[in-house]
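Here are the chains, one letter per residue:
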Amino acid sequence: MKSSNGKQSNENLYNTAEAKVDQTHLNQSKLDPSYLDTTLSPEIRTERLLAQMTLEEKVGQMMQISCMKADPEFVDGKAVGWIYSRMSDADRNDWVQNKHAGSFLHVLGDEIHMIQALAKTTRLGIPVMFGIDAIHGHALHNGATVFPSQLAASCSWDREAIKEMGRITAKEVAADGIHMTFSPVLCIARDLRWGRVGETFGEDPYLIGELGSAIIKGYQGESLAESTSILACAKHYLAYGESVGGRDSYDTQISFRKARETFLPPFEKAIKAGCMSIMTGYQSIDGTPATANQPLIKGILKDELDFTGFIITDWNNTESLVTQQRVCENLAEASKVTIESGNDMIMNTPAFFETMVELVKVGKVAEATLDDAVRRILLTKFKMGLFEKVHQSEGLERSDSVFACDAHLERNLELTRKSIVLLENKNALLPLSQKYKKIAVIGPNADDLRAQYGDWTYFTHPFPKYEPSLTQTYTVLKGIEKFAKAYNVEVNYQRGCDVSEVSKDDFEMRAAIELADTSDLIIAVVGDTIEQNGEFKDRANLDLMGEQQLLLEKLKATGKPMVVVLVNGKPLSIPWIKENADAVIETFNSGQLGGLALAEIVFGECVPSGKLSISFPYHVGQLPVYYNQLPGWHGSKYIDLPMTALYPFGYGLSYTTFKYSNLGLSQTICGPTDSITVSVEVTNTGNYDGEEIVQLYVSDLVSSVMTPFKMLKGFERVKINCGETKVVAIKLEIEDLAIIDASGKKIVELGAFKIWMGSDSRDTSLLTETLIVN
């Protein structure tokens with residue numbers, strides 16, 4: 001049967017393949033089909049299938065293949081990016097039918113159904129697992145819901161909203177027939193020069209662990225076997241974002257103790273949340289590539305933490321041991337090191353297949369080592385119900401009603417509202433009063449959806465597209481225009497300048513200044529764009545690029561009130577904006593509805609409540625500026641820069657005000673296995689109902705190894721009406737005060753701890769009490 005476009009229908013492909021595999025089972029007298037028996041446990045089914053697999057079938061299951069070929073793009077002998085092309089149909093079919101590939105990535109549309117149909121015709125009929133980078137929504141699919149980036153969403157400090165983001169993403173990914181997302185990113189963003197800061201949940205291990213756990217629960221649902229559940233993949237293990245100089249994939253010079261103390265906890269929480277796959281990073285730690293680090297992978301994840309899922313390498317990590325990191329002489333050595341270090345699935349190192357088959361045949365790698373890896377992969381597939389789920393034939397029918405549906409867009413808008421951070425509001429300029437009847441919207445990011453989206457969307461991967469299929473998209477300009485009509489406000493727009501290039505003439509800037517001169521108020525929208533963020537895009541200068549700073553200075557010279565809106569992938573150094581703008585709003589990469597949520601805040605339809613999950617520097621030379629640093633710096637500051645961050649972790653304003661009082665501990669003396677409750681009264685003393693994010697920090701006053709000035713250990717988002725007082729109570733497990741001592745042991749040391757609670761990480765914003773652990 002042919003579909004209306006002349007191709008065989010997906011449903012017919014699927015049914016034909018299913019019939020073929022059933023016939024195959026009937027004709028294979030030696031094949032034990034009991035692994036298909038759903039009354040057996042996933043563990044038993046895994047063992048029965050594994051026992052019947054050939055060497056080639058086992059190695060095939062370890063392969064994750066991309067139908068998108070990515071070849072390095074070189075300029076002056078240096079890799080600067082990727083050149084993408086599509087794998088041929090013949091090569092794709094060979095991987096499925098002859099090399100038994102267990103997984104594919106970055107496949108969309110009909111090709112998913114074709115690959116799955118081919119897999120059903122193989123001897124064992126093992127379904128293919130499809131993976132994709134659904135980092136902030138199923139955003140590689142042009143037409144699905146695009147949420148704020150992880151960094152933007154983390155400024156909501158809202159576990160339930162982040163979980164719902166994961167749930168909606170899972171529903172839309174699953175509707176496309178895809179089973180796995182390479183998310184969440186659990187890297188800690190402490191060097192803002194790093195190109196991938198925007199993919200993270202910020203700078204704090206506790207917050208990252210909480211939000212990462214929440215989105216994992218959203219992705220995986222109540223059960224991985226549910227039709228709308230997908231597999232989460234926590235990455236990049238370990239300390240990937242801590243590379244020297246903010247250089248992506250470079251060496252990370254930390255100790256094993258520091259790795260345990262600071263960078264491991266988010267992954268521990270991910271495992272407790274049920275995450276069933278973890279991706280190793282590109283980088284090295286103290287000279288040992290993450291993919292070849294047996295103590296970190298096999299020693300900690302598999303043996304110590306008893307992780308039962310599978311470990312997947314990042315893109316071509318195995319070959320990079322030879323070509324980039326130069327720790328292995330050839331691919332045979334690299335393949336042996338990769339598998340023996342504890343990796344189970346190999347992402348897009350195609351030659352690993354023939355290489356590993358040969359290594360086992362000549363006795364250089366034990367087949368039992370492969371069995372452990374394949375067992376983990378098969379067990380996950382059985383737990384996900386991949387052998388039973390009716391794939392793709394239903395998926396496309398569901399997708400029309402699932403992708404970017406009204407319910408999903410409403411949840412997206414709610415999260416986006418909570419994620420926007422008000423940084424400045426001098427003389428209560430916002431929300432705008434009715435005296436402003438003519439608004440000039442000016443700036444290169446005011447009407448740039450691509451800049452607003454950030455990385456990992458259909459604008460960037462796998463094959464960039466430049467026209468959105470969604471009608472429900474709002475840039476800042478579009479959002480302001482929508483609300484201006486209701487308020488009888490005139491809105492005019494000029495771009496003013498490019499986000500990065502210096503113009504050969506000043507026509508655009510002159511037009512922008514002329515518009516500002518004839519307007520009542522300026523909304524200036526500046527920041528960065530995707531060319532300045534992501535892999536291969538580390539930057540040494542965090543100032544506004546191009547002529548954006550000049551544009552702002554000329555707008556300021558008009559004397560008109562100016563609201564600066566930041567549309568950017570990560571914190572920039574903006575001290576001039578702090579000093580000279582009348583109001584400043586941070587949106588980061590706010591997704592498809594960012595402009596609408598921003599306009600709601602500007603016009604007072606919504607009270608801002610977001611707080612920064614990452615600190616802003618005065619200057620790139622001030623880095624690092626993350627709040628939880630160690631004591632001991634002589635002078636505690638540079639001679640030419642302030643000691644503190646420009647905007648600190650946890651900071652964010654509201655249209656209302658909150659007063660903290662009566663901090664109390666349920667007990668002031670406790671043991672190392674106890675838990676206590678820390679409570680505080682919070683009163684809304686302003687004129688608006690609002691939401692406050694109450695933050696709990698701890699300082700270890702004396703410890704055997706140095707510990708940070710303070711560490712986040714709890715938070716709650718609370719709605720408090722105007723004039724209302726609420727008691728906010730947060731449970732503190734004393735075991736969360738543990739340190740990693742000099743011997744590498746995790747221990748709660750006895751002594752005094754300072755307990756802080758308040759509105760952000762600054763000492764002046766917090767109330768304190770003392771806790772004794774004895």
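As a reminder, the structure under discussion sits directly above these lines.
A. Region of interest: the packing of aromatic side chains. With the rule as written, the count across this model stands at 22 aromatic pairs. Their ring planes at 90° and their centres at 6.2 Å tell us that Tyr206 and Phe715 sit as a pair that is edge-to-face. Here the residue Tyr206 occupies a position in helix α8 (residues 205–220), and Phe715 occupies one in strand β24 (residues 711–720), the gap between them amounting to 509 residues. The exposure class of Tyr206 is buried, given its relative accessible area of 17%. Residue classification places Phe715 among the buried residues on the basis of a relative accessible area of 1%. Among the aromatic side chains, those forming a connected cluster through ring pairs are Trp157, Tyr206, Tyr627, Phe649, Tyr697 and Phe715. Sitting over the ring of Tyr474, Lys478 keeps its end group 5.0 Å from the ring centre.

B. Looking closely at the sheet that holds strand β25 (residues 725–733). Taken together, the 3 strands give an open sheet; going across it, the order is β20-β22-β25, and neighbouring strands pair in antiparallel fashion. Edge positions in the open sheet fall to β20 (658–665) and β25, since each of these has one partner strand only. Taken over all neighbouring pairs, the strand axes of this sheet differ in orientation by 25° on average, direction set aside.

C. Structural context of helix α7 (residues 159–175). Given a rise of 1.5 Å per residue, 17 residues ought to cover 24 Å, and the 24 Å separating the end C-alpha atoms of α7 matches this to within 8%. In terms of burial, α7 is a largely internal element, 12 of the 17 residues being buried. All of the buried residues along α7 are Ala161, Ile162, Met165, Gly166, Arg167, Ile168, Thr169, Ala170, Glu172, Val173, Ala174 and Ala175. Among the residues of α7, the N-terminal cap falls to Asp158, whose side-chain oxygen and the backbone nitrogen of Glu160 are separated by 3.1 Å. Positioned one or two residues after α7, Gly177 has a phi angle of 80°, which is positive.

D. Region of interest: the sheet that holds strand β8 (residues 251–252). Taken in spatial order, the 3 strands of this open sheet run β8-β10-β11, and their pairing is mixed. Of all strands in the sheet, those with a lone pairing partner are β8 and β11 (288–289), marking the two edges. The pairing of strand β10 (residues 284–285) with β11 spans 2 bridges and is classified as antiparallel. The partner of Ser284 across the bridge, within β11, is Pro289.

E. Broad picture of the pairing of strand β23 (residues 690–700). By the criterion of burial, β23 is predominantly enclosed, with 10 of the 11 residues buried. As judged from the 9 bridges shared by β23 and β24, these two strands associate in the antiparallel manner. Across the sheet, residue Leu696 finds its bridge partner in β24, namely Gly714. Bridge count between β23 and strand β28 (residues 751–758): 6 bridges; the pairing is antiparallel. Along β28, the bridge assignment pairs Leu696 with Met757.

So, how was this worked out
- Residues numbered from 1 in each chain as written.
- Predicted model: local features only at pLDDT ≥ 70, side-chain atom pairs only at ≥ 80, totals over all residues.
- Heavy atoms only, no water.
- Phe/Tyr/Trp six-rings, centres within 6.5 Å; stacked < 30°, edge-to-face > 60°.
- Helix = DSSP H or I, 4+ residues; strand = E, 2+ residues; numbered from the N terminus.
- Buried < 20%, exposed > 50% of the residue type's maximum accessible area, 1.4 Å probe, protein only.
- Lys NZ or Arg CZ within 6 Å of the ring centre and 35° of its normal.
- Pairing = 2+ DSSP bridges.
- Axes fitted to C-alpha atoms, helices over the stretch in contact; angles between N-to-C directions.
- Expected span 1.5 Å × (residues − 1).
- Polar contact = N/O pair within 3.5 Å; in protein donor to acceptor, adjacent residues only side chain to side chain.

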